[in-house]
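What follows is the residue order along each chain.
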Amino acid sequence: MRKPELLIPASSLEVLKTAVIFGADAVYIGGETFSLRAKAKNFSHEDMKEGIAFAHAHGVRVHVTANILAHNYDMEPARNYFQELAELAPDAIIVADPGMIMLAKENCPDIEIHLSTQANNTNYMTYRFWYGQGVKRVVSARELSLKEIKEIREQIPEDMEIETFIHGAMCISYSGRCLLSNYLTGRDSNQGACTHPCRWKYSIMEESRPGEYFPVYENERGTFIFNSKDLCMIEHIPELIDSGIDSFKIEGRMKTALYVATVARTYRKAIDDYLESPEKYKANMSWYQEQISNCTYRQFTTGFFYGKPDENTQIYDNNTYVNEYIYLGIVEAVKDSLCRIEQRNKFCVGDSIEIMKPDGTNVPVTVEAMYTEEGESVDSAPHPKQVLWIKLSMPPQEFDLLRQKNAD
C-alpha cells in the first residue's frame, strides 16, 4: 500500500508555515511570475527562500508552480526565473508547457519536473510520453474516474508518480483550459489572471424591453449556470489509496490560513487513521465531516471520480460560500501570558473564540485583554493586519490559529 503525500496550497509565507505545522507532507506555491494564480499574494524571492528553509527544516517538500501556457515573450524571463529557482532549490517545479519543461530541465537539472493538470493528462500513453521527457510526476486531469486512474497506475513505470486533486474548487472548463475570462474581461486564465466568470450571475436583456434584464435559466433551475460545487473526498480515502495515487492534492492557493489549516489537519488525520486502522477511520468519520465543513466551501461533490457529474454537482441559485468560522489570526509568539497576532478580522475583549490546534483539538477561550504593540489597552481589533498582544483565558502555543464562530 502506497502512503500518499498530502500536498497543501500556500498563497503566502504565513500560509506556508500554517500548512507545514498543520500536517502537510508537501506544499505548493507560486512565485511572482509564471503562476496560474496571479491574483494570489504569491512569494517574493526572499519569502520563497525563507519558506523553503522553514519547510525543509520540518521535513516538508516545496513544489513551485510555473504552469502558464507561455508565449514567445515569456521565454527569456522564464529562463532567468528557473535559474533563480535552481539556487533556491525547491523539490519540484510544476509546469504545463513543453517549452517551459525544456527550460526547467536545462536550468534546474537537479529539481524534479511535475506536469500540471493544465496539460490534459487523461491516459497512460500520455504519462509514458512525459516520463520519457524526464517528468517525474503527472497531475491527473480532473476529468478522470478512480477506475481510470487505477488503470493508469498499472500501465506506467513504478517510479512515476500520480498527483490528483481530491479537495477544493472545481473548474467548469476542461482541465482548466478556459477562454471565458479572456473573452469577457481581457484577462487570460491561461496566463494566471482568471476572473472566475463561471461564478457570475448571468442575465439577458429583451429587445422589446430595453433596460430590463431577466435571468438566464437552465431548465428553470437558476441563474448561476456554470457554478460547480466543491470537490471533497474525505469520505473516500480508502478508494483513493487503492487507486494508486501518490499525492493527494488540495486546491486553494487563493484561500486563507484558516482554510489551509482546516483541510490540512482534517485530511492528515483521516489518512493517518486509515493507514493505522480502517476501523479507526470509519469510527472518526463524523469528526472529519464536521471539521471539513468548518472552512469555506460551496457544498460538496465527488467530481468525476465515480462517473461524469450531472445537475446535482452544480449550484444554480447562488455563488456564495458556506462560512462557518471567521479567521482571526495566527499566534506568532507567546510571551508571559500574552500571545502576538496580526489580526485578520474584528473581535473584541470579552468575545468567546477558539484556539485551533494542529493536533485536531479546538479549545474554547475568552478574550480577556488586548494591547497594541505600544502597550495601549484596547477593547477591540478593528483594523485589518493590526499587530496585537492578546490575553486569553487559556494560553495558546506558537502557530496555533485563532477563529471565531460566524454569527451570521
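Look up a bit, the structure's there.
All figures in this text were calculated on a predicted structure; none of them were measured in a lab.

Enquirer: Explain the packing of aromatic side chains to me, please; I cannot follow it from the model alone.
Expert: When we look at a pair of aromatic rings, we describe it by the centre distance and by the angle of the planes. Counting across every chain of the model gives seven aromatic pairs. When the centroid spacing of 6.1 Å and the interplanar angle of 40 degrees are considered together, the rings of tyrosine 81 and phenylalanine 82 count as tilted. Each member of the pair, tyrosine 81 as well as phenylalanine 82, is classed as buried. Members of the aromatic cluster, connected to one another through ring pairs, are Tyr274, Tyr281, Trp287 and Tyr288. Of note, lysine 255 hangs over the ring of tyrosine 259, and the distance from its end group to the ring centre comes to 4.0 Å. Directly above the ring of tyrosine 325 sits arginine 403, whose terminal nitrogen or CZ lies 3.9 Å from the centroid.

Enquirer: I tried to follow unusual backbone geometry on my own but got confused; where do I start?
Expert: For residues other than glycine, phi is negative in most cases, and the peptide bonds are mostly trans. With phi around 55 degrees, aspartate 336 is a residue other than glycine that occupies positive phi space. On the secondary structure map, aspartate 336 appears in the loop between strand 14 (333-335) and strand 15 (338-342). One non-glycine residue, phenylalanine 399, lies in the positive phi region at around 80 degrees. Following the sequence through the fold, phenylalanine 399 ends up in the loop between strand 18 (387-392) and strand 19 (401-405).

Enquirer: Looking at this model, I keep getting lost on the environment of lysine 147. Mind explaining?
Expert: Examined against the element boundaries, lysine 147 turns out to sit in helix 6 (residues 146-155). Each C-alpha atom, one on lysine 147 and one on glutamate 239, is 9.7 Å from the other, the two residues being 92 residues apart in sequence. In this structure the side chain of lysine 147 is engaged in a polar contact, spanning 2.8 Å, whose partner is the side chain of glutamate 151.

Enquirer: Looking at this structure, I do not really get the packing of helix 9 (residues 257-276) against helix 11 (residues 285-292). What am I missing?
Expert: The relative placement of two packed helices is expressed as an angle between their axes plus a distance between the axes. Direction vectors running N to C along helix 9 and helix 11 enclose 165 degrees, while the axes themselves pass 9 Å from each other. One way to sum up the angle between helix 9 and helix 11 is to call them roughly antiparallel. Every pair of crossing elements has a handedness; the one defined by helix 9 and helix 11 is left-handed. Together, Thr262, Val263, Arg265, Thr266, Tyr267, Lys269, Ala270 and Asp273 of helix 9 and Trp287, Tyr288, Gln291 and Ile292 of helix 11 make up the contact between the two elements. For the contact of helix 9 with helix 11, the class distribution of residues is six nonpolar, three polar and three charged.

Enquirer: Could you clarify how one ought to interpret the pairing of strand 2 (residues 26-30) in this entry?
Expert: Within a regular beta strand, the side chains point alternately toward one face of the sheet and then the other, so they alternate between its two faces. Burial analysis of strand 2 places five of its five residues in the buried class, which makes it a mostly covered element. Here strand 1 (residues 5-9) runs beside strand 2; their pairing, made up of three bridges, is parallel. When the sheet's bridge partners are listed, isoleucine 8 is paired in strand 2 with valine 27. On the question of chirality, the crossover connecting strand 1 to the parallel strand 2 by way of helix 1 (residues 13-21) is right-handed. Across five bridges, the pairing between strand 2 and strand 3 (residues 61-65) is parallel. Its bridge partner being in strand 3, valine 27 is matched across the sheet by valine 62.

Enquirer: Help me understand the packing of helix 3 (residues 75-88) against helix 4 (residues 98-107) in this model?
Expert: The interhelical angle for the contact between helix 3 and helix 4, taken along N-to-C directions, is 40 degrees, at an axis separation of 9 Å. Relative to helix 4, helix 3 is oriented oblique. Both helix 3 and helix 4 take part in a crossing whose hand is right-handed. From helix 3, Met75, Ala78, Arg79, Phe82, Gln83 and Ala86 reach across to helix 4, where they touch Met100, Leu103, Ala104, Glu106 and Asn107.

Enquirer: Just checking my understanding: could you explain helix 2 (residues 45-57) for this structure?
Expert: In an α-helix, one turn spans 3.6 residues; hence positions three or four apart end up facing the same way. With 13 residues, helix 2 should cover 18 Å at 1.5 Å per step; its first-to-last C-alpha distance of 18 Å lies within 8% of that length. Looking at helix 2, one finds that the buried residues are Met48, Gly51, Ile52, Phe54 and Ala55. Around the axis of helix 2, the buried residues are gathered within 165 degrees of arc, so they sit on the same side. In this structure, helix 2 carries Glu46 and Ala57 as exposed residues pointing more than 90 degrees from its buried face. For helix 2, the secondary structure elements touched by its buried residues are helix 1, strand 2, strand 3 and helix 3.

Enquirer: What's the story with the pairing of strand 5 (residues 112-115) in this structure? I'm lost.
Expert: Relative to strand 5, strand 4 (residues 92-95) runs parallel, the two being bridged by four bridges. The residue bridging isoleucine 93 from the neighbouring strand is isoleucine 113, located in strand 5. Traced from strand 4 through helix 4 to strand 5, the parallel crossover comes out right-handed. Looking at chain direction, strand 5 and strand 6 (residues 137-139) are connected through two bridges and run parallel. The partner of histidine 114 across the bridge, within strand 6, is arginine 137. Tracing the backbone out of strand 5, into helix 5 (residues 124-132) and back to the parallel element strand 6 gives a crossover that is right-handed.

About the cut-offs
- Residues numbered from 1 in each chain as written.
- Predicted model: local features only at pLDDT ≥ 70, side-chain atom pairs only at ≥ 80, totals over all residues.
- Heavy atoms only, no water.
- Phe/Tyr/Trp six-rings, centres within 6.5 Å; stacked < 30°, edge-to-face > 60°.
- Buried < 20%, exposed > 50% of the residue type's maximum accessible area, 1.4 Å probe, protein only.
- Lys NZ or Arg CZ within 6 Å of the ring centre and 35° of its normal.
- Helix = DSSP H or I, 4+ residues; strand = E, 2+ residues; numbered from the N terminus.
- Polar contact = N/O pair within 3.5 Å; in protein donor to acceptor, adjacent residues only side chain to side chain.
- Axes fitted to C-alpha atoms, helices over the stretch in contact; angles between N-to-C directions.
- Parallel < 35°, antiparallel > 145°, perpendicular 65-115°, else oblique.
- Left-handed = near helix turned anticlockwise from the far one by under 90°.
- Contact = heavy atoms within 4.5 Å.
- Nonpolar A, V, L, I, M, F, W, Y, C, P; charged D, E, K, R; others polar.
- Pairing = 2+ DSSP bridges.
- Right-handed = clockwise from strand over helix to strand, strands pointing away.
- Expected span 1.5 Å × (residues − 1).
- Arc of directions from axis to C-beta.

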